[in-house]
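# What the coordinates show
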Amino acid sequence: MRTLKSITIIFSLAFVFTQVHAQEFAPVGTAVAQFLEIGVGARGSAMGEAYTALTDDAASAFWNPAGLAQVDRRNVHFAYNGWPAEISIGGLSFAINVEDIGTFGISAIYLNTDDMLVTTLSDPEGTSGQTFSISNYAVGLSYARFMTERLSVGVTAKLVSEEYFGYGYTTFALDLGTLYHTGFRGLNIGMSILHFGSDIKFDGEYIDFSDPKSVGVDKPKNFETYSLPINFRFGVSIDVLEDPDNHLIAAADMIHPNNNLEQYNTGFEYGFRQLFFLRGGYKFNTDEAGLTLGLGVKYKLLDNYDVQLDYAYSDMGVLLDVHRVSFGISF
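All values reported here derive from a predicted model rather than from experimental measurement. (Residues numbered from 1 in each chain as written. Predicted model: local features only at pLDDT ≥ 70, side-chain atom pairs only at ≥ 80, totals over all residues. Heavy atoms only, no water.)

### Considering the overall build of the protein chain
Spelled out, the test is: In this description a helix means any DSSP run of H or I spanning at least four residues, a strand means any run of E spanning at least two, and both kinds are numbered starting from the N terminus. Note on areas: Shrake-Rupley with a 1.4 Å probe; residue coverage comes only from the protein chains shown.
Helix and strand counts for the protein chain stand at three helices and 20 strands. If you sum the accessible surface of the protein chain, you get close to 17000 Å²; carbon and sulfur atoms cover 61% of it.

Right, here's the structure in full:
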């Protein structure tokens with residue numbers, strides 16, 4: 001009975017994925033909440049974001065909620081991204097395992113900017129010192145559990161909000177995920193559907209300066225509807241080398257967003273005695289992102305605390321370099 005349930009879950013997610021993958025083209029630039037597509041957590045980011053089948057701590061809430069089922073006690077994860085154009089992106093997640101029930105989690109992402117000048121067609125250099133800033137966030141509640149000894153599933157329900165100079169929206173979205181441990185050389189197969197929700201519309205009205213009918217008679221327009229950046233991810237990871245001192249993992253992800261072309265990510269992680277880690281990866285078929293590198297250290301603090309500190313570097317082409325740091329603790 002359990003085997004039948006596991007197969008049903010895997011094939012249900014696979015069916016949804018293939019239906020979306022079958023679209024002939026992606027409507028680029030039609031999705032809002034782009035901050036949700038930025039990788040949160042230095043470990044996964046350093047591996048080229050090939051992380052769907054490998055994530056296993058509280059940060060799983062940002063990649064594949066099924067990974068939360070592997071948290072065996074309590075885990076806290078903090079992450080910070082220094083993004084181009086003086087944009088700050090951060091994430092916080094907490095997960096707790098409740099015996100015989102499953103793992104519960106809470107997570108949050110934010111995006112903030114420095115003050116920017118308000119400009120108009122008549123004042124392109126600024127309007128007498130007027131400024132505005134951007135503040136976007138998403139807050140989620142997660143639940144995950146093992147359906148069998150090898151298969152875990154997870155779900156996150158979250159609130160997403162954006163605001164730009166008085167125009168904004170608030171909506172709900174879902175993340176769904178599954179993770180299967182084959183038992184062969186650490187081979188994992190993961191699948192997730194992220195940011196699934198209904199179309200949204202910004203509040204308020206605006207003057208369309210490109211439309212003479214709107215400008216000439218001062219007739220504001222209503223905003224059009226937009227979709228959330230729904231991402232369908234399929235990933236695998238496998239142990240290439242494993243002995244008491246050396247551990248090498250290879251991973252790959254295929255990503256189909258609803259607002260862009262398919263992306264392909266690859267990555268690796270080398271661990272020495274499960275204390276020191278070197279990571280690298282590459283993101284294919286992206287506009288600017290490509291090479292990623294990183295390192296990490298894991299150590300035991302006192303007797304009951306496992307601490308992990310990670311760093312990631314990303315080459316963003318003309319957008320320059322991006323640096324990420326994250327900190328996790330299990331207790």
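### Side note on the packing of aromatic side chains
For clarity, the threshold we go by: For Phe, Tyr and Trp, where Trp contributes only its six-membered ring, two rings pair if their centres lie within 6.5 Å, and the inter-plane angle classes them as stacked under 30 degrees, edge-to-face over 60, or tilted in between. Residue exposure (1.4 Å probe, protein chains only): buried if accessible area is under 20% of the type maximum, exposed if over 50%, otherwise partly exposed.
Overall, the coordinates contain eight aromatic pairs when judged by the stated rule. A centroid spacing of 6.4 Å and a plane angle of 80° characterise the contact between Phe202 and Tyr226, whose relative ring orientation is edge-to-face. Within this pair, whereas Phe202 is found in the loop between strand S10 (200-201) and strand S11 (205-206), its partner Tyr226 is found in strand S13 (residues 225-226), the two being separated by 24 residues in sequence. The exposure class of Tyr226 is partly exposed, given its relative accessible area of 25%. Ring geometry for Tyr305 against Phe331: centres 6.2 Å apart, planes inclined by 25°, an arrangement best described as stacked. Here Tyr305 is found in strand S19 (residues 305-315), whereas its partner Phe331 is found in the segment after strand S20 (321-330), with 26 residues between them in sequence. The class for Tyr305 is partly exposed, based on a relative accessible area of 33%. Since its relative accessible area comes to 24%, Phe331 is described here as partly exposed.

### Quick word on unusual backbone geometry
Positive phi is not limited to glycine here, since Ala33 has a value of about 55°. Here Ala33 is to be found in the loop between helix H1 (2-21) and helix H2 (42-46).

### A closer look at the pairing of S19
Within a regular beta strand, the side chains point alternately toward one face of the sheet and then the other, so they alternate between its two faces. Note the cut-off: Strands are treated as partners if at least two bridges between them are detected by DSSP.
By the bridge criterion, 10 bridges tie strand S18 (residues 291-301) to S19 in an arrangement that is antiparallel. Residue Gly296 lies in a different strand from S19, and its bridge partner there is Asp310. In this antiparallel pair of consecutive strands, S18 and S19, the connection spans three residues, and Leu302 shows a positive phi of 60°. Bridge count for S19 against S20 is 10 bridges, and the pairing is antiparallel. Looking across to S20, one finds that Tyr311 is bridged to Val325. The turn linking S19 back onto S20 is made up of five residues, and Gly317 within it adopts a positive phi angle of 65°.

### Comments concerning a negative patch on the surface
Selection rule: Nonpolar side chains (Val, Leu, Ile, Met, Phe, Trp, Tyr) are joined into patches within 5 Å and like charges within 9 Å, using only residues with over 30% relative accessible area and no salt bridge. One speaks of a salt bridge when a side-chain nitrogen belonging to Lys or Arg is within 4 Å of a carboxyl oxygen belonging to Asp or Glu. In this charge count, Lys and Arg are treated as positive and Asp and Glu as negative; neither His nor the chain ends contribute. One atom stands in for each charge, and that atom is NZ of Lys, CZ of Arg, CG of Asp or CD of Glu.
A contiguous patch of negative charge on the surface is contributed by Asp287, Glu288, Asp315 and Asp321. If you trace the backbone, Asp287 turns up in the loop between strand S17 (276-284) and S18.

### Here's the deal with the pairing of strand S3 (residues 102-113)
Inspection of the sheet shows strand S2 (residues 87-98) paired to S3 by 12 bridges, in the antiparallel sense. Looking at S3, one finds that Ile87 is bridged to Thr113. Here S2 folds back onto S3, and the loop between the two strands holds three residues, one of which, Asp100, carries a positive phi near 70°. The pairing of S3 with strand S6 (residues 135-146) spans 10 bridges and is classified as antiparallel. Pairing of Ile106 across the sheet is with Leu141, part of S6.

### Points about the nonpolar core
For soluble globular proteins, nonpolar side chains are generally found buried alongside one another. The criterion, for reference: Here the nonpolar core consists of buried residues drawn from Ala, Val, Leu, Ile, Met, Phe, Trp, Tyr and Cys, with membership extended through side-chain atoms lying within 4.5 Å. Any two residues having at least one pair of non-hydrogen atoms within 4.5 Å are treated as being in contact.
One finds Val32, Ala33, Phe35, Leu36, Ile109, Val160 and Tyr169 to be the most contacted residues of the largest nonpolar core, which totals 29 residues. Put simply, the parts of the chain that give this core at least two residues each are S2, S3, strand S8 (167-181) and strand S15 (246-257). If near-sequence neighbours (up to four positions away) are discounted, Phe35 is found in contact with Ile109, Leu111, Asn136, Tyr137, Ala138, Val160, Ser161 and Glu162. If you look at the next biggest cluster of nonpolar residues, it comprises six residues, including Leu68, Ala69, Val71 and Ala95.

### Some points on the confidence of the model for the protein chain
We count it as follows: As a per-residue measure, pLDDT reflects the predictor's confidence and takes values from 0 up to 100.
Taken as a whole, the protein chain shows an average pLDDT of 86; of its residues, 87% reach a score of 70 or greater. Confidence scores differ between elements of the protein chain, with H1 showing the lowest mean pLDDT of 47 and strand S9 (residues 188-196) the highest of 97. Below a pLDDT of 50 lies the segment residues 17-23, which in the model reaches 10 contacts outside its immediate sequence neighbourhood of four places, other chains included.

### Considerations on the pattern of salt bridges
Throughout the structure, instances matching the rule amount to 11 salt bridges. Where Asp310 meets Arg279, a salt bridge forms, and the shortest distance between an N and an O atom there is 2.9 Å. Separated by 31 residues along the polypeptide, Asp310 in strand S19 and Arg279 in strand S17 bring together distant segments of the chain. Of the two residues, Asp310 and Arg279, neither departs from the other in class, the shared state being buried. Note that Lys300 and Asp306 form a salt bridge whose closest N and O atoms lie 2.8 Å from each other. Relative accessible area serves as the criterion here: at 53%, Lys300 is assigned to the exposed category.

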